[in-house]
Amino acid sequence: MLSKIRTALIQFKVGVNKSANLLKASQFIELAKNKGGELIALPEYFSTPIYTFYNHAENIPDGPSSRILAENAKYHKIYLVGGTIPEEEDGNIYNTCTVWNPEGELIAKYRKIHMCDIEIPGGIKLKESEIVSPGDKMATFHVKDIKVGLGICYDLRFEEMAKLYRLSGCKLLIYPAAFNMTTGALHWELMQRSRANDNQLYVFTISPARGTEGYCCWGHSQVTDPLGNIVVSAGHGEEILLANIDGKMCDEVRQKMPICLHRRPNIYDTVKICDSDI
Ligand SMILES: O=C(O)CCC(=O)C(=O)O
């Protein structure tokens with residue numbers, strides 16, 4: 001039992017009114033708890049309209065979003081991954097994921113490391129670094145004996161980061177995320193399956209539902225297992241995804257295909273890549 005967790009991922013539509021979003025988050029958390037959720041996760045920018053999140057930046061842990069998360073975690077006695085909050089500190093804004101334990105204590109805080117500055121002509125243009133400052137630390141926490149690593153949205157693209165979490169012992173990676181209609185269709189599912197398969201661990205993504213104010217989110221929150229199989233995935237509307245996580249499945253996959261033991265980092269570090277050595 002120690003290595004099993006009942007998880008619930010909440011995909012909901014975020015509106016313009018912060019208090020209404022916080023109330024809605026609380027209602028969904030209660031529903032997820034009633035469905036047996038022990039570890040419950042919310043989407044990126046769950047409490048703020050995504051296109052004007054910078055007008056709603058707040059302190060962690062003293063701001064209204066943190067307070068609601070702490071209260072819910074304690075009341076329902078759950079581990080709660082609080083999507084992300086626009087965090088204000090010393091005049092900077094960070095895109096920050098917080099994690100709360102069943103006592104309502106903040107046990108992990110992760111500031112998004114990779115800034116999403118992309119431009120796909122005819123598709124999507126984003127320049128996150130104009131507003132958000134990047135974090136410089138990765139963050140983990142434990143639920144029972146399962147170590148969990150945190151990333152946010154664009155971080156999903158960075159295999160090095162997932163590998164570092166894997167090497168530090170993580171069996172689950174959680175990414176609150178709000179992909180768009182262009183790159184969602186292109187890469188969303190593929191990248192989750194890749195990170196899971198490369199690192200032989202579970203991957204969760206939690207998106208806002210489509211219709212979220214000012215930004216057309218891809219939706220399709222997803223749970224992927226250590227073999228790269230999709231366990232369950234959402235459509236683009238409001239939904240709670242339920243999945244059972246079993247740490248022993250990671251152990252088994254890793255035993256049968258011990259790719260981590262077969263890595264040759266000393267060679268990767270020193271090898272010279274030549275066009276031809278003849
Ligand atoms: O990586 C992508 O395609 C989109 C990521 C994104 O929207 C973000 O990180 O804000």
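Residues numbered from 1 in each chain as written. Predicted model: local features only at pLDDT ≥ 70, side-chain atom pairs only at ≥ 80, totals over all residues. Heavy atoms only, no water.

The protein chain is annotated in an unreviewed UniProt entry as omega-amidase from Henosepilachna vigintioctopunctata.

Draft legend 1. Just the UniProt feature "domain: CN hydrolase" (unreviewed entry) in the protein chain, in detail. Residues given the UniProt feature "domain: CN hydrolase" (unreviewed entry) here are residues 5–247. Annotated as 24% helix and 31% strand, the span residues 5–247 places its first and last C-alpha atoms 9 Å apart. (UniProt positions renumbered as here; feature names shortened; annotations may be inferred. Helix = DSSP H or I, 4+ residues; strand = E, 2+ residues; numbered from the N terminus.)

Draft legend 2. Representation of the sheet that holds strand β13 (residues 222–224) within the structure. Read from one edge to the other, the open sheet built from 6 strands follows the order β9-β10-β11-β12-β13-β14, with strand pairing classed as mixed. In the strand order of this sheet, the two ends are held by β9 (140–143) and β14 (230–233), each with one partner. Direction aside, neighbouring strands of the sheet carry axes that sit 20° apart on average. The sheet contact formed by strand β12 (residues 202–206) and β13 spans 3 bridges and is antiparallel. (Pairing = 2+ DSSP bridges. Axes fitted to C-alpha atoms, helices over the stretch in contact; angles between N-to-C directions.)

Draft legend 3. Focus on helix α4 (residues 181–199). Over its 19 residues, α4 runs 27 Å from end to end, which matches the ideal 27 Å to within 8%, given 1.5 Å per residue. Where α4 bends most, the angle comes to about 45°, and this point is histidine 187. Backbone nitrogen of threonine 182 and a side-chain oxygen of the N-cap are separated by 2.9 Å at the start of α4; the cap is asparagine 180. Of the residues trailing α4, glutamine 200 is marked for its positive phi of about 55°. (Expected span 1.5 Å × (residues − 1). Bend = angle between axes of the 7 residues up to and from the residue. Polar contact = N/O pair within 3.5 Å; in protein donor to acceptor, adjacent residues only side chain to side chain.)

Draft legend 4. The arrangement of the environment of arginine 195 in detail. One can find arginine 195 in helix α4. For the pair formed by arginine 195 and threonine 182, sequence separation is 13 residues and the distance between their alpha carbons is 20 Å. With residues near it in sequence (within four places) discarded, arginine 195 still touches Leu156, Arg157, Phe158, Glu159, Ala162, Tyr175, Leu201 and Val203. Polar side-chain contacts of arginine 195 include one of 2.9 Å to the backbone oxygen of leucine 156. (Contact = heavy atoms within 4.5 Å.)

Draft legend 5. View of the confidence of the model for the protein chain. Confidence in the prediction of the protein chain, expressed as mean pLDDT, is 95, and 97% of residues score 70 or more. Across the interface, the model reports ipTM at 0.98; the global pTM reads 0.96. (pLDDT = per-residue confidence, 0-100.)

Draft legend 6. How the structure looks around the nonpolar core. With 43 residues, the main nonpolar core has Val81, Phe141, Leu150 and Ile174 as its most contacted residues. With residues near it in sequence (within four places) discarded, valine 81 still touches Leu39, Ile40, Ala41, Leu42, Cys97, Thr98, Val99, Phe141, Leu150 and Ile174. Judged by nonpolar contacts, the second largest core, of 21 residues, contains Ala8, Ala25, Ile40 and Ile78. (Core = buried A, V, L, I, M, F, W, Y, C linked by side-chain atoms within 4.5 Å. Buried < 20%, exposed > 50% of the residue type's maximum accessible area, 1.4 Å probe, protein only.)

Draft legend 7. Here's a closer look at the site of the ligand. Close contacts around the ligand come from Lys112, Cys116, Leu126, Cys153, Tyr154, Arg157, Ala178, Phe179, Asn180, Thr183 and Tyr215, and that covers them all. One of the backbone nitrogen or oxygen atoms of tyrosine 154 is found 3.0 Å away from an oxygen atom of the ligand. Against a free-state accessible area of 300 Å², the protein chains account for coverage of 94% of the ligand. When its residues are assigned to classes, the shell around the ligand shows 7 nonpolar, 2 polar and 2 charged. (Near = heavy atom within 4 Å. Areas by Shrake-Rupley, 256 points an atom, 1.4 Å probe, with all protein chains shown as cover. Nonpolar A, V, L, I, M, F, W, Y, C, P; charged D, E, K, R; others polar.)

Draft legend 8. Spatial organisation of the packing of helix α3 (residues 159–167) against α4. The interhelical angle for the contact between α3 and α4, taken along N-to-C directions, is 40°, at an axis separation of 10 Å. As for the relative orientation of α3 and α4, their crossing is right-handed in sense. Contact residues: Glu159, Ala162, Lys163 and Arg166 in α3; Arg195, Asp198 and Asn199 in α4. (Left-handed = near helix turned anticlockwise from the far one by under 90°.)

Draft legend 9. Just the environment of aspartate 251, in detail. Assignment of secondary structure puts aspartate 251 in helix α5 (residues 247–256). The sequence separation of aspartate 251 and leucine 201 amounts to 50 residues, and the corresponding C-alpha distance is 9.2 Å.

Draft legend 10. A look at the state of the cysteines. Taken as a whole and assessed by the stated rule, the structure comprises 0 disulfides. With no disulfide of its own, cysteine 216 lies 7.1 Å from the sulfur of cysteine 217, the closest cysteine sulfur. Of the residues examined, cysteine 216 reaches a relative accessible area of 40% and is grouped as partly exposed. (Disulfide = S-S within 2.5 Å.)

Draft legend 11. Summary view of unusual backbone geometry. At the junction of isoleucine 60 and proline 61, the peptide bond is cis and its omega measures out at 15° in the coordinates. Mapping proline 61 onto the fold places it in the loop between β2 (39–41) and α2 (64–76). The phi torsion at histidine 220 lies on the positive side, around 55°, for a residue other than glycine. You can see histidine 220 is positioned in the loop between β12 and β13.

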